[in-house]
Amino acid sequence: MKATTSKLHRTEERNAWLFIAAPILGFLIFALVPLIYSIYGAFTNWDGLGQMTFIGLENFINLFQDEYFYKSMYNTIFMMLGIPVGIVLALLLALGLNRGIPGTNTFRVLYYIPVVSSIAAIAILWQWAYNGDYGLVNQFLAIFGIEGPNWLQNTSTVKPALIIMAVWKGLGYTMLLYLAALQSVPKSFYEAAKLDGANAFKSFLYITLPMVKPVTFFIVVTSIIGGAQIFAEINVMTPTGGPEYSSASVVFYVWQKAFGNFQLGYASAMALVLGLFIFIITLIQFKINEKSSFDLD
Amino acid sequence: MMLLLVMVISTVLAGCSSEGSSGDGKDGGKVELQFMFRGQPQELEAYSATVKRFEESHPNVKVKMVQVAPDQYDTKLKAAIAGRKIPDVFFYNPAQVKAYVNSGVLKDITEFVEGSEDVQIDDIWAAGVAKYRFDGTTLGQGAIYGLPKDLGPFALGYNKTMFEEAGIPLPDKDVPYTFEEFIDVSKQLTIDKDGDGKKDQYGTGFNVNWALQPFVWSNGGDWIDETGTKVTVDTPEFVEALQYFADQQNVHEITPSISEAQTLDTYQRWLKGELAFFPVGPWDMAAFKEQLKFEYDLLPWPAGSTGESAAWIGSLGIGVGATTKNADAAAQLALYLSADQEGQQALVDAQVQLPNSVTVADEWAADTSIKPENKQEFLDIIKDYGRGFPAEKTYTAEWYDEFFKNIQPVMDGKMTAAEYVKEAQPKMQKLLDAAIEQEKQAAKK
């Protein structure tokens, strides 16, 4: 009797380990090993073809003197301007949809379609829309007598053009998160506020905003991490990095160095710096969040 | 417990490696080759058919085709190389010959090519094969590391119908325009047809990335000197040609203005019949045959101070991976794809490329049923005066790309050519020096 139990236990235990092993192995093989490999690569002059030679900090020294690294960093941060815009728009949309207006479900689906669509397909679509000659955007502007620029070929319009597209693509996802958050706010709070004589704006300011704050925090953190890694839309819409390299992001530059110029070591160094940058920014956000939560209580 | 983990790991790893080796193993006594390639839909079809014919005539060989979308091709290929899973046969860019040979990615196929009974190497364009020869120091000499998939001479086309409507004599197919004549004719063809104050038709509209080279070269300038060590964009010949190119828009106004259109869109204007002159590559012929509602033909590019026309020849190579276990079969496939007459005919019929075989090409050029009429211009570029891109000589192309990165202000007339090259030359030189250094390092290994 005793023996059977332990045998059963053993089988269960073995099965449990097997189930756990799958994701752990996946992580080890597809995330940790490449990660360590690329950290090591950052200190070599690896060209992606031959041997790796250790060169110390040379890549990093060159990196901090590289004007295109700064330029792509600037572009990346500039394009994050779309994040607050997207958050505000998504919250407004969610508020609207939360009021139970007719057709809510249809709107939810409509706003969510871009989120699940392939980024390459979307980029090609917008590339066409932004075309200076026959693009949809300029045809629309022409109705009002405005002669639109050639969006993607112009240093001053290429970044805003990419931002608009990114905001449009991300809207549905953010909106859905907010919608869920809004629906979990107890109705009694609003009723109590109403009794105390608060108007709609005040309820929004003192009840809605604080209640959805955890969601806002989540969205800000994930958007910044995602924004720092923007690549596909840039690669498809401005394959050369845009006029005067004005739309190249850090990841785009990393990719060009690694696969265009046989400088995988240098590219790894850049990726490492970007990774640290994201880590620090995220850390700061967590610190700020901690502090302000404390203040609220 | 550890044992279990080890077992699982080894099973997973074994799974990986058995999958990885399927490309080079023997399948029931058959030799299996992996062929990685890219192309337009018509090209892919033509290549698949050619590969099938190869399999029929080589019953012991099975070819596993790996098609990759053109914009992802380079990344995929380099990832495969970095992971040491080099395809047996693959397309690659001639600018990468040096790097791939130095790091042992490409196989020397000279003996297979020269010893082939099916294909005569003399029948493939010498200029094409030369792009894939490398003796360790100089390109164009020594061992053969690949064969041209095709050659892409970029010729100048003109809208014949537009000339006839305007009553302007057709350009001579043998004598190039001078720079001044080209502007003159273009001005005559830049007109507002319906009198609404907006121009409906222009002389031309070139993309600086792809059309500046003929102007610079025919004016005696170049991006790099003969030794391949000095960037020469700051020479007077170069500056003059670049300024001339920019002035087409800013001074002579023979192109759509900045607000009307930029680079990409002039292709659409040419298709619509709004441009008199536009570059034409062999790969355009299929699309033009279907879409153009006017007659077009080819002429030599305008000639600058040297008095001679210039043009570039692009190319894509077919190489054999150094790690292949079936070098003989792989080399045969590469040869077949590059030069087999039947295979060539299929690709030529699809109107996506020129024949690689000199014999087939001459017949093709003489065939008046295929438009444009003056296809001989393509062959002249290959035979007489075409050149490779400046970056083909160097280890990486970064220095060359740098030139085009910041060129827009010159095109917009906000900066003169002389000012620009003064700024660009040192930056380009620095990148070229780095590429040379990188090459030395790679050669040491």
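Scroll up to find the structure this text is about.
Figured I'd write up the structure that's included with this text.

Cut-offs applied
- The numbers attached to residues start from 1 for each chain and follow its sequence in the written order.
- Key to labels: chains lettered from A, ligands numbered from 1, both in the order written.
- Given that this is a predicted model, residues contribute local features only at a pLDDT of at least 70 and side-chain atom pairs are listed and counted only at 80 or more, while totals for whole chains, interfaces and linings are drawn from all residues.
- Only hydrogens and water are set aside; all other atoms, that is, all heavy atoms of the structure, feed into the side-chain values.
- Every helix listed is a DSSP run of H or I at least four residues long, and every strand listed is a run of E at least two residues long, numbered separately from the N terminus.
- As a reference, a globule follows 2.2 Å times the number of residues to the power 0.38, and the radius of gyration itself is taken over C-alpha atoms.
- One requirement defines pairing of two strands: DSSP has to find at least two bridges between them.
- To get an axis, a line is fitted to the C-alpha atoms, and for a helix only the part in contact is used. The angle between two axes follows their N-to-C directions and goes from 0 to 180 degrees.
- Any residue with relative accessible area above 30% and no salt bridge may belong to a patch, with like charges joined within 9 Å and the nonpolar Val, Leu, Ile, Met, Phe, Trp and Tyr side chains within 5 Å.
- Methods summary: accessible areas were calculated by the Shrake-Rupley approach with a probe of 1.4 Å, and residue burial reflects only the protein chains presented.
- Salt bridge, as used here, is a side-chain nitrogen of Lys or Arg placed within 4 Å of a carboxyl oxygen of Asp or Glu.
- Only four residue types enter the charge count: Lys and Arg as positive, Asp and Glu as negative, with His and the chain ends excluded.
- Charge positions are represented by NZ for Lys, CZ for Arg, CG for Asp and CD for Glu.
- Relative accessibility thresholds used throughout: buried, under 20% of the residue-type maximum; exposed, over 50%; partly exposed, between the two (1.4 Å probe, protein chains only).
- To pair, rings of Phe, Tyr and Trp, with the six-membered ring standing in for Trp, must have centres within 6.5 Å; the planes then decide the type, stacked if under 30 degrees apart, edge-to-face if over 60, and tilted in the middle.
- Counting of polar contacts relies on pairs of N or O atoms within 3.5 Å, with two restrictions inside protein: one atom must be capable of donating a hydrogen and the other of accepting it, and residues adjacent in sequence are counted only when both atoms are side-chain atoms.
- In this analysis, two residues are considered to be in contact whenever any of their non-hydrogen atoms come within 4.5 Å of each other.

**Examining the overall build of chain A**
When you go through chain A residue by residue, the secondary structure sums to 14 helices and 0 strands. Each helix and strand of chain A, ordered N terminal to C terminal, gives the series α-α-α-α-α-α-α-α-α-α-α-α-α-α. The C-alpha radius of gyration of chain A comes to 25 Å, more than 25% above the 19 Å expected for a compact globule of 297 residues. Judged by the C-alpha coordinates and their principal axes, chain A covers about 85 × 75 × 40 Å.

**So, the sheet that holds strand S10 (residues 296-299) of chain B**
Residue and element names in this part refer to chain B. Ordered by their spatial adjacency, 3 strands build an open sheet running S9-S8-S10, and the pairing between neighbours is antiparallel. Lying at the two open borders of the sheet, with one neighbouring strand each, are strand S9 (277-280) and S10. The sheet shows a mean angle of 40° between the axes of neighbouring strands, direction not considered. Two elements, strand S8 (residues 155-159) and S9, share 4 bridges in a ladder whose sense is antiparallel. Counted as the bridge partner of Leu156 is Pro279 from S9.

**Regarding a negative patch on the surface**
All names here are of chain B. On the surface, a cluster of negative charge is contributed by Glu180, Glu181, Asp184, Glu237 and Glu240. Of all elements in the fold, only helix H8 (179-189) and helix H10 (236-250) reach the threshold of two or more residues within the negative patch. Broken down by element, the negative patch gets its largest block of residues, 3 residues, from H8.

**A word on the environment of Lys194 of chain A**
Residue and element names in this part refer to chain A. Within the secondary structure layout, Lys194 lies in helix H9 (residues 187-195). A relative accessible area of 66% means that Lys194 is categorised as exposed. The spacing of Lys194 and Gly260 is 66 residues in sequence and 62 Å in space, taken between C-alpha atoms.

**Some remarks on the packing of aromatic side chains**
The tally for this structure, following the rule as stated, stands at 68 aromatic pairs over all chains. Pairing Phe262 of chain A with Tyr100 of chain B gives two aromatic rings, centres 6.0 Å apart and planes at 80°, and the pair type is edge-to-face. On the criterion of chain membership, the pair formed by Phe262 of chain A in the loop between helix H13 (250-260) and helix H14 (264-296) and Tyr100 of chain B in helix H4 (residues 97-102) is interchain, its members lying in two chains. Across this residue pair, the class does not change: Phe262 of chain A and Tyr100 of chain B are buried. Look at Phe262 of chain A and Tyr395 of chain B: their rings are 6.2 Å apart centre to centre, the planes differ by 50°, and that puts the pair in the tilted class. Note that Phe262 of chain A is positioned in the loop between H13 and H14 and Tyr395 of chain B in the loop between strand S12 (386-387) and helix H17 (398-405), a pairing that runs across two chains. Accessibility expressed as a relative area gives 3% for Phe262 of chain A, which makes it buried. Each residue in the set Tyr158, Phe163, Tyr177, Phe179, Phe182, Phe206, Phe215, Tyr244, Phe245, Phe277 and Trp301 of chain B is aromatic and connected to the rest through ring pairs, giving one cluster.

**Overview of the side chain of Asn406 of chain B**
Residue placement: Asn406 of chain B occurs in the loop between H17 and helix H18 (408-411). Reaching out from Asn406 of chain B, the side chain makes a polar contact with the side chain of Tyr68 of chain A at a distance of 3.2 Å. Beyond its immediate chain neighbours, meaning those up to four positions away, Asn406 of chain B contacts Tyr68 and Glu244 of chain A together with Tyr420 and Lys427 of chain B.

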